[in-house]
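# Tertiary structure, described
These are the residues of each chain, in order.
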Amino acid sequence: MEFVLLPELSRLYAENCGLAILPPGWIHRKRNIDTSVLILGYQGEVMMSEESSPINIKPSTFCILSEGKNHCGIEKLKEKAKYYWIHFKTASPPQFMSEKEATIILNSKEITKARLNDSLLLPRQLNLQNSNVIREAFHELLYEQQNKSFTDQKYQANAKLMMIKLNEMVFEIYNTNSKDMDNKSIVNKIIHMIYENLTDPNFSVKGLADQMCYNPDYLNRHFKRIMKRSMIEYIIDKRIEYSLVGLIDSDHSLSVIARNSGFSSYRNFIRQFKLRKNVIPSEYRNRHRMMHITNK
């Protein structure tokens, strides 16, 4: 099964939506459109294809038709059918991913957070265990579209919320179906060990590899393929995140915070912090505390 990565949810723009009510004998004409389409089956069965890949729309099944690809019906309806649909545009074209890579991401909250950030990862087609949640979300959108007090801002917010709910349901399905993957995944073991040793200045990639009885280069290649950054970059990122708590919630000196966050060198802490936050730690501390004062 192929997966679709929808980039930058914050910039996703939902266009019109509707409920298709289709008579027996109907067949979807061939189309190639400049938007993606999310479809949720409600009644009957609609047989379609996208670039020769079959898509079967039936009750409780959702699918995604991708922008710029040809899709069409491949069989006339034998009985009446209904499905919900919504057209949407993403900031950049959707990306496609194999089920193997997508499953690795979906089976770890840490990997999901690191890889997806503001994006959504959905299978091209999936049967939902509780489609009523998404159906109700469609009803909200249809109501907004027909409401005299319709506002695009609220419509866009509801559309994004529906996408988030759908992504959460997919996440739950894949976590339930593959509970053992977190224990078996090398990447998850690496992440677990990084968190256990994050504040130890002597902790290193070589030391981690020795503990796991792997070659450091092999581990790093495997980690970078999944996480899209090297192990040392990930360790530094997490140490910087850890230091933010000390900067905001404590009066410790910067050198103490650097040491408590796992940095063996104060100078390296300052340099790495500025690379990631575009300010030095003291400026970050002052700005955040000023924000707290302003918000009181």
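Keep in mind that what you see is a predicted model, and the values were worked out from it rather than measured.

## Some words on the packing of helix α1 (residues 99–106) against helix α2 (residues 109–116)
Where α1 contacts α2, the axes come no closer than 6 Å and their chain directions differ by 115°. As far as their axial angle goes, α2 and α1 are roughly perpendicular. Of the residues in α2, those in contact with Glu101, Ile104, Ile105 and Leu106 of α1 are Ile111, Thr112, Arg115 and Leu116. Residues belonging to the contact of α1 with α2 are distributed by class as follows: 5 nonpolar, 1 polar and 2 charged.

## Quick look at the sheet that holds strand β6 (residues 53–57)
The 4 strands are arranged β3-β8-β5-β6 in an open sheet whose pairing can be described as antiparallel. The open sheet is flanked by β3 (31–32) and β6, the only strands paired with a single partner. In terms of strand pairing, strand β5 (residues 46–50) meets β6 through 5 bridges, oriented antiparallel. Bridged to Ser49 within β6 is Pro54.

## Some thoughts on unusual backbone geometry
Residues other than glycine seldom take positive phi values, yet Glu8 does so here, at roughly 50°. Judged by its relative accessible area of 29%, Glu8 is partly exposed. With phi around 65°, Asn278 is a residue other than glycine that occupies positive phi space. Along the chain, Asn278 falls in the loop between α11 (266–277) and α12 (281–295).

## Concerning the layout of surface pockets
One number sums up the size of the largest pocket: a volume of about 170 Å³. What lines the largest pocket is Ala20, His28, Arg31, Ile33, Val37, Ile39, Met48, Leu65, His71, Tyr83, Trp85 and His87. Counting residues per element, the ones that place at least two in the lining of the largest pocket are β4 (36–43) and β9 (81–89). Here the lining of the largest pocket gets 3 residues from one element, more than from any other, and that element is β9. A breakdown of the residues in the lining of the largest pocket according to their chemical character gives 8 nonpolar, 3 polar and 1 charged.

## Digging into the packing of aromatic side chains
Taken as a whole and assessed by the stated rule, the structure comprises 7 aromatic pairs. Judged by centre distance (5.5 Å) and plane angle (15°), the rings of Tyr214 and Tyr218 are stacked. By relative accessible area, Tyr214 is classed as partly exposed at 34%. Accessibility expressed as a relative area gives 34% for Tyr218, which makes it partly exposed. Ring centres 5.4 Å apart and planes at 70° place the aromatic pair Phe223 and Tyr234 in the edge-to-face group. Remark: Tyr234 occurs in helix α9 (residues 231–249) and Phe223 occurs in helix α8 (residues 216–227); sequence separation between them is 11 residues. Its relative accessible area of 0% is what places Tyr234 among the buried residues. Put simply, the rings of Phe263, Phe269, Phe273 and Tyr284 touch in pairs and so form one group of aromatic residues. A cation sits over an aromatic face here: Lys69 above Phe96, 4.1 Å from the ring centre.

Calculation criteria
Residues numbered from 1 in each chain as written. Predicted model: local features only at pLDDT ≥ 70, side-chain atom pairs only at ≥ 80, totals over all residues. Heavy atoms only, no water. Axes fitted to C-alpha atoms, helices over the stretch in contact; angles between N-to-C directions. Helix = DSSP H or I, 4+ residues; strand = E, 2+ residues; numbered from the N terminus. Parallel < 35°, antiparallel > 145°, perpendicular 65-115°, else oblique. Contact = heavy atoms within 4.5 Å. Nonpolar A, V, L, I, M, F, W, Y, C, P; charged D, E, K, R; others polar. Pairing = 2+ DSSP bridges. Buried < 20%, exposed > 50% of the residue type's maximum accessible area, 1.4 Å probe, protein only. 1 Å grid on protein atoms, 1.4 Å probe; cavity = no way out; pocket = protein on both sides within 12 Å on 5 of 7 lines; lining within 4 Å. Points joined across faces, edges and corners; volume = space filled by probe spheres on them. Phe/Tyr/Trp six-rings, centres within 6.5 Å; stacked < 30°, edge-to-face > 60°. Lys NZ or Arg CZ within 6 Å of the ring centre and 35° of its normal.

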